[in-house]
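One letter stands for each residue in the lines below.
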Amino acid sequence: LAKTTQPISMDSYEGQEVNITCSHNNIATNDYITWYQQFPSQGPRFIIQGYKTKVTNEVASLFIPADRKSSTLSLPRVSLSDTAVYYCLVGDREAAGNKLTFGGGTRVLVKP
Amino acid sequence: DAMVIQNPRYQVTQFGKPVTLSCSQTLNHNVMYWYQQKSSQAPKLLFHYYDKDFNNEADTPDNFQSRRPNTSFCFLDIRSPGLGDAAMYLCATSRGSGGTAETQYFGPGTRLLVL
């Protein structure tokens, strides 16, 4: 069963840019890549989704290289409230029905 | 506001005593999911309903069952909770348009404690 791989944790400081890379070697042709944010004792919240190249919204950017085997979530000018766990979500072509698989999550700590 | 609602937010049960967790949605989405999330781990999909069609994950224990009486409601039944079933249980929905990695909308979760 293919898995996504993310760094376990990252530390940053307020005002810096945070980049989190997710590896997904077995991504299927029709799959999209989705990132979620989760605060303690809350359900995950959708941040951004993309298929290829670059996607930007009001909170983040998502960079996807041509081979689509990885993606990078970029959080510009983070604040203390961006401290959370960030999950990369892609479809899994090796599982029946293209089951969605959460990556292990990256715990981001933003320091003052 | 349209949303996914889970009740209760905290549930305490006794070892072996059946417990039911509830989820409702006002999004009118076709798909409803149940995830189990243990401390410091990623959410793990237990099963999902596409409309009335039930889809169980291969490694979901038989102790876990689900019911979806209508579009808005979905229940997670744990027949005989063990200490290892203590976790956060997350309900999510998606539109069900057929694409993978469809955006999922999560409820706040129910934290289950087994004594």
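Just so you know, these numbers come straight off a predicted model, no measurement behind them.

A.B. asks: Describe in detail the confidence of the model for chain A, supporting the description with residues and values.
C.D. replies: In the predicted model, chain A carries a mean pLDDT of 87, and 89% of its residues have values of at least 70. Note that residues 93-98 of chain A has pLDDT below 50 and, in this model, twelve contacts with residues that lie over four places away or in other chains.

A.B. asks: An account of the environment of A:Gln49 is requested, with residue identities and associated values reported.
C.D. replies: Residue and element names in this part refer to chain A. Tracing the backbone through its elements, the reader meets Gln49 in strand β4 (residues 45-50). A residue is classified by how much of its surface remains accessible, and Gln49, at 24% relative accessible area, is partly exposed. Along the primary structure Gln49 and Ile27 are separated by 22 residues, whereas in three dimensions their C-alpha atoms are 14 Å apart. For Gln49, the side chain forms a polar contact with the side chain of Thr34, separated by 2.7 Å.

A.B. asks: Which residues make up the pattern of salt bridges, and what values go with them?
C.D. replies: Residues and elements named next belong to chain B. A complete count under the given rule lists three salt bridges over all chains for this structure. Residue Asp59 is joined to Lys44 by a salt bridge in which the shortest nitrogen-to-oxygen separation is 3.4 Å. Here Asp59, found in the loop between β6 (53-56) and β7 (64-67), pairs with Lys44, found in strand β5 (residues 44-50); they are 15 residues apart in sequence, far enough to count as distant. What makes Lys44 partly exposed here is its relative accessible area of 32%. Residue Arg67 pairs with Asp77 through a salt bridge whose shortest N-O separation is 2.7 Å. With a gap of ten residues between them, Arg67 in strand β7 and Asp77 in strand β8 (residues 73-78) connect regions that are remote in the sequence. Judged by its relative accessible area of 40%, Arg67 is partly exposed. Judged by relative accessible area, Asp77 falls into the buried class, the value being 13%.

Quick notes on the rules
- Residues numbered from 1 in each chain as written.
- Chains lettered and ligands numbered in written order.
- Predicted model: local features only at pLDDT ≥ 70, side-chain atom pairs only at ≥ 80, totals over all residues.
- Heavy atoms only, no water.
- pLDDT = per-residue confidence, 0-100.
- Contact = heavy atoms within 4.5 Å.
- Helix = DSSP H or I, 4+ residues; strand = E, 2+ residues; numbered from the N terminus.
- Buried < 20%, exposed > 50% of the residue type's maximum accessible area, 1.4 Å probe, protein only.
- Polar contact = N/O pair within 3.5 Å; in protein donor to acceptor, adjacent residues only side chain to side chain.
- Salt bridge = Lys/Arg side-chain N within 4 Å of Asp/Glu carboxyl O.

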